[in-house]
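Observations on the three-dimensional arrangement
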Amino acid sequence: MSGLVADLDVPGRLRAAVRAEEGDVLVVVGPNGSGKTTLLRCLAGLLPGGPAEVAVAVGGRCWTSPLLLPRDRRVGYVVQGQALFPHLDARENVAFGLRARGVERRAARDRADAELERLGVGHLAERRPGELSGGQAQRVAIARALATDPELLLLDEPFAGLDVGVAATLRVELARHLATYGGTTVLVTHDAVDALALGTRMLVLEDGRVAQEGTPAEVAARPRTDHVARLVGLNLVPAGPAGLAAFRPSAVTLSPGAPTAPSGSARLRWRGRVEQVVPYGDGVRVSVRTSGDGPDALLADVTAAAVAELGLHPGVEVWASAKETAVTRYPAGAADDAAPTLRSGHGD
Amino acid sequence: MSDRATLGRPPALLWVPAALAVVFLAVPLLALVLATPWSSLLADLRSPDVLAALRLSAQTSLATVVACLVLGTPLAWVLARVDFPGRGLVRALVTVPLVLPPVVAGVALIAALGRSGLVGGPLDAATGLTLPFTTAAVVVAHTFVSLPFYVISVEGALRSAGEGFDEVAAGLGATRWYTFRRVTLPLALPGVVAGSVLAWARSLGEFGATVTFAGNYPGTTQTMPSRIYAVYLADPEAARTLAMILLLVSVGVLALLRNRWLTTGAAPRVGTGVVA
C-alpha cells in the first residue's frame, strides 16, 4: 500500500488503525475529545511514543522504526487556528519550511510566492498574519503546509472560525487543490459538508476508537453513531437486537394521539415532548425528546401549518412516527468487525 | 475614564496609601535635585576621577548585559522548554541571588574565585591568573547579581510565546536551533530587551558585591556607586553632585528605552496575530 498505513495506540486517548491510498482525502469526524487532533499529532510525530505504540508508514516508507522526528517526516500540518508566525510576513511564513530544510533564500521565496499565488493570496505576500483576515490567513497556512511538497497533508478543522461565506469559497478551492495534490490528505472536521464535499474516505472516531469507516456517501447513508447521524441530519434509532434504523426528519409525522398503524404498513412510533421548534428551509424542524426505550431525541420536519394545527411548542406531548418505507435498516455491529485491530493487516 | 466612574469613587483606604507611596518615592529624589550644587556639576563631570568612574560603570554594565545575553538566554530557554529532573531546583537556585544581600554575594564570590578559593586557587596555580580586584571581577560580581533578573524575565517571555510555535516549526522541518533562532527568540524579544534593561539597571547600581569582591580602586574597579560612596565618606556635599549625575544617566537611558520597548505587552501566542 503506497498511501498511509498507521496503527496508533495512545493510552487512554486513541486506538485506531488508519488506512488511506495516495490521493485519498480521509475525513475524520467525531465528537469533541474523540481523539481527532491526537490522531493528527501522532501522524505528525508530535506525540511522544515509541514504535511499540505507534506505527506509521507513508508512501511505503516507515516513519516510526526508527522513529523519525517531525522535521524528518514529509508532512504538512495545518493546525487549528493556523498558527502563522506572527513576526514573519506571509511570504516568509510559507518559505519557512523550505529555508529550514536548507533551500537557498532566493529559491525558497520564489516557491513561496508561487504557492501563495496558487492559493489566491499572492498579493498579500508582504502582509503579516495580524494584517490578514481569517480566510486569508488560512490560505497562507495551507500554502505553507504545501510548500514543502509533503507526502502527507494534515488539516485540522481548516474552516473553523471562518465566516460561512468565506468557508464555502475556501472549501471549493481546497477541493480543487486536493484533487491535484498527489499525496494523502487527512482532514479533521466538525462539518458533514466538508466530509461529503472533500472526502474520498471517511473515518468516524468515538471515545478514541474507530466507530465507522467507509466512503462519505456510505457513512452518511448508514451512520452508526449518533454524532454522525446528527452531522448528516438523520434520525438514528436502535432497531431489533443488533440493528439500526435511519430515516430523514421529513419522514417523521407528528400527531397528538397514538397513530394507528394501517394493516400492512408497519410504523415505528415514539411518544415524547416537543423540545425545540426552529424554522428549517421552507418548513419547521421540531426536536422531540422521547420517553421510553426509543432514541433520546428525534428530529421531525413538518410544515408551518402543521405546527399551528397541532399547537407544537416546547413542552407539548406528541407522538412521532416514521413510515417503514422511508426507513433504512442495517446491522449495528459491523463497525467492530470492520475496524482492523491494532498491528494486524500491516503492510497489505 | 467615564466608564470607570460608574463603578463609584476609589475608596480612600486605597488611594490615600497610594498617594503616600508616591510622596515617599518622590521626596528623596526631589531633595537630591534641590540639594545638588548645580554650579559645580559641569566641573565635576570634567574631573578625571569622575570620568574614569563613569566610563568604568558604562563598560562594566554593558559587559554585564552581554554576559547575561550569552549565558542567561540559553538558561532561560532550557528552563522554559526542557523538562529535566531537578528543573525546579535549578530555578530556585537561579533566584537565590535575588534575595541574597550583595555583600554576602561578594563574600561568596571570594570564597569561590578568590586567590585561595574553591575555583580561584586551582586557577591561580595553573595559570597565575587571579580575579579579585580586577575590572573583570567587577563584571563577574555584576553578572552574579544581575543574571537572575534577566533569566526570570526571559523565561517568562519564552513561556508565554508558547510551545505551539515550536511544534509548528518542527512540523515544517526546522531543527530546534533553527526554531530558536527564527521563531522563539524573535517572539521573546520584548522579554529579552526588558530583561537586559533590568540587568543593566541592577549592574549600574551594584555596590556591595563589587566593593567586597573587586575593591574600590579608581580606574580599575571603582564604578560610580563606589566613587559616590568614597566621596561621601570624605565630603557628603560633593557626593550629591555625583549622585545626581548617576541619577540623570540612569533615568535618561530608561526614558529612551521606555518608549520603544518597555511598554510592549505580553508576547504573542499561537493563534493570535501581532501587528508590528
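About the cut-offs
- Residues numbered from 1 in each chain as written.
- Chains lettered and ligands numbered in written order.
- Predicted model: local features only at pLDDT ≥ 70, side-chain atom pairs only at ≥ 80, totals over all residues.
- Heavy atoms only, no water.
- Helix = DSSP H or I, 4+ residues; strand = E, 2+ residues; numbered from the N terminus.
- Expected span 1.5 Å × (residues − 1).
- Bend = angle between axes of the 7 residues up to and from the residue.
- Buried < 20%, exposed > 50% of the residue type's maximum accessible area, 1.4 Å probe, protein only.
- Pairing = 2+ DSSP bridges.
- Salt bridge = Lys/Arg side-chain N within 4 Å of Asp/Glu carboxyl O.
- Axes fitted to C-alpha atoms, helices over the stretch in contact; angles between N-to-C directions.
- Contact = heavy atoms within 4.5 Å.
- Nonpolar A, V, L, I, M, F, W, Y, C, P; charged D, E, K, R; others polar.
- Core = buried A, V, L, I, M, F, W, Y, C linked by side-chain atoms within 4.5 Å.
- Polar contact = N/O pair within 3.5 Å; in protein donor to acceptor, adjacent residues only side chain to side chain.
- Domains from an automatic or database assignment.
- Buried area = accessible area lost by both parts, 1.4 Å probe.
- Parallel < 35°, antiparallel > 145°, perpendicular 65-115°, else oblique.
- Left-handed = near helix turned anticlockwise from the far one by under 90°.
- Phe/Tyr/Trp six-rings, centres within 6.5 Å; stacked < 30°, edge-to-face > 60°.
- Lys NZ or Arg CZ within 6 Å of the ring centre and 35° of its normal.

Bringing helix α8 (residues 135–161) of chain B into the picture now. Residues and elements named next belong to chain B. For α8, spanning 27 residues, the distance from its first C-alpha to its last is 37 Å, which sits close to the expected 39 Å at 1.5 Å a residue. Remark: the principal bend of α8, roughly 40°, maps to S146, with a proline, P148, within the next four residues. Among the 27 residues in α8, 19 count as buried, and that is most of the element. Backbone geometry just after α8 places G162 at a positive phi near 80°.

All right, on to helix α1 (residues 36–44) of chain A then. All names here are of chain A. Within α1, eight of the nine residues are buried, which leaves the element mostly enclosed by the surrounding structure. Of all the positions in α1, only K36, T38, L39, L40, R41, C42, L43 and A44 are classed as buried. Residue G45 follows α1 closely and has a positive phi angle near 85°.

On to the pairing of strand β11 (residues 235–238) of chain A, then. Successive side chains on a regular strand alternate, one facing one side of the sheet and the next facing the other. Residue and element names in this part refer to chain A. With four bridges connecting them, β11 and strand β12 (residues 243–247) associate as antiparallel partners. Bridge assignment links N235 to a residue of β12, and that residue is F247. Where β11 folds back onto β12 in an antiparallel hairpin, the turn is made up of four residues, including G240, whose phi is positive at roughly 80°.

Residues and elements named next belong to chain A. Tallying each qualifying case throughout the model produces 28 salt bridges over all chains. With its nearest N and O atoms 2.8 Å apart, the salt bridge here joins R111 to E115. One end of the pair is R111 and the other is E115, both in helix α3 (residues 105–118) and four residues apart, which spans about a single turn. Judged by relative accessible area, which is 26%, R111 ranks as partly exposed. Residue class for E115 comes out buried when judged on its relative accessible area of 3%. The residue E115 makes a salt bridge to R118 at a minimum N-O spacing of 3.0 Å. Of this pair, E115 and R118 both sit in helix α3, three residues apart, which is roughly one turn of the helix. Given the relative accessible area of 41%, R118 is considered partly exposed. Via salt bridges that share partners, R111, E115, R118 and D149 belong to a single interconnected network.

A pair of packed helices can be characterised by two numbers: the angle between their axes and the separation between those axes. Residue and element names in this part refer to chain B. For the pair helix α4 (residues 48–81) and helix α13 (residues 224–234), the least separation of the axes is 8 Å and the interaxial angle reads 145°. Contacts between α4 and α13 involve D49, V50, A53, L54 and S57 from the former and M224, P225 and R227 from the latter. Along the lines of polarity and charge, the residues of the contact of α4 with α13 split into five nonpolar, one polar and two charged.

Another point: the environment of T210 of chain B. Residue and element names in this part refer to chain B. Tracing the backbone shows T210 in helix α12 (residues 208–213). Sequence separation of T210 and A137 is 73 residues, and the distance between their C-alpha atoms is 7.8 Å. Non-local contacts of T210, meaning those with residues more than four positions away in its chain, are made with V138, A141, H142, G215 and T221.

Let us now look at the nonpolar core. Residues and elements named next belong to chain A. L4, L8, L39, L43, F96 and V186 are the most contacted members of the largest nonpolar core, which has 46 residues in total. Looking at this core element by element, the count peaks at five residues for α1. Look past the residues within four positions of L39 in its chain and what remains in contact with it is L8, L14, V18, V186, L203 and L205. Formed by 42 residues, the second largest nonpolar core is a distinct cluster that contains V78, F159, Y181 and V228.

With that settled, consider the side chain of T221 of chain B. Residue and element names in this part refer to chain B. For T221, the location among the structural elements is in the loop between α12 and α13. A polar contact of 3.2 Å, which involves the side chain of T221, links it to the backbone oxygen of A214. Filtering out sequence-adjacent residues up to four positions away, T221 remains in contact with L56, F133, T134, T135, V138, T210, A214, G215, N216 and S226.

Residues and elements named next belong to chain A. If you check the domain split of chain A, you get domain 1 (4–226) and domain 2 (233–331). Just the C-alpha atoms count here: the centres of domain 1 and domain 2 sit 38 Å apart. On the domain 2 side, the residues contacting the seven residues of domain 1 number eight residues. Across the interface of domain 1 and domain 2, roughly 550 Å² is buried in total on both sides, 57% from carbon and sulfur atoms. Summed over the three residues of domain 1 that lose the most area to domain 2, namely R222, P223 and R224, the buried surface amounts to 71% of that side.

Right, let's talk about the interface of chain B and chain A for a bit. Facing the 23 residues of chain B at the interface are 24 residues of chain A. A per-residue breakdown of the area chain B buries against chain A is headed by E167, L172 and R182 of chain B, which together make up 30% of the total. Summed over the shared surface of chain B and chain A, the number is two salt bridges. Across the pair R41 of chain A and E167 of chain B runs a salt bridge, and its minimum N-O distance is 2.7 Å. At the junction of chain B and chain A, the tally comes to four residue pairs in polar contact (both at pLDDT 80 or more). Sorting the residues of the side of chain B that touches chain A by element identifies α9 (164–171) and α10 (176–187) of chain B as the ones contributing at least two each. Among the elements that take part in the side of chain B that touches chain A, α9 of chain B stands out by supplying six residues, more than any other. Taken together, the residues that form the side of chain B that touches chain A break down as 15 nonpolar, six polar and two charged.

Looking now at the packing of helix α2 (residues 90–100) of chain A against helix α4 (residues 134–146) of chain A. Residues and elements named next belong to chain A. The contact between α2 and α4 brings their axes to 7 Å, and the two run at 25°. Between α2 and α4, the crossing angle belongs to the class labelled roughly parallel. As for the relative orientation of α2 and α4, their crossing is right-handed in sense. Taken together, the residues of α4 that come into contact with α2 (itself represented by A90, N93 and V94) are V140, A143 and R144. Each residue belonging to the contact of α2 with α4 can be placed in one class, and the counts come to four nonpolar, one polar and one charged.

Another point: the sheet that holds β11 of chain A. Residues and elements named next belong to chain A. One open sheet accounts for three strands, arranged β11-β12-β18; its pairing is antiparallel. Whereas interior strands pair on both sides, the edge strands pair on one side only; in this sheet they are β11 and β18 (328–331). Taken over all neighbouring pairs, the strand axes of this sheet differ in orientation by 25° on average, direction set aside. Bridge count for β12 against β18 is four bridges, and the pairing is antiparallel.

Our next topic: the packing of aromatic side chains. Inspection of every chain in the model, using the stated rule, returns eight aromatic pairs over all chains. With centroids separated by 5.7 Å and ring planes inclined at 15°, the aromatic side chains of F247 of chain A and W270 of chain A adopt a geometry described as stacked. Linking F247 of chain A in strand β12 with W270 of chain A in strand β14 (residues 267–280), this pair joins segments that are 23 residues apart in sequence. Since its relative accessible area comes to 1%, F247 of chain A is described here as buried. What makes W270 of chain A buried here is its relative accessible area of 9%. Cluster of aromatic residues (ring-pair linked, three or more members): F85 and F96 of chain A together with F165 and Y178 of chain B. Across the ring face of F85 of chain A, the terminal group of R144 of chain A is positioned such that the distance to the ring centre comes to 4.9 Å. Against the face of F159 of chain A rests R171 of chain A, its NZ or CZ located 5.1 Å from the ring centre.

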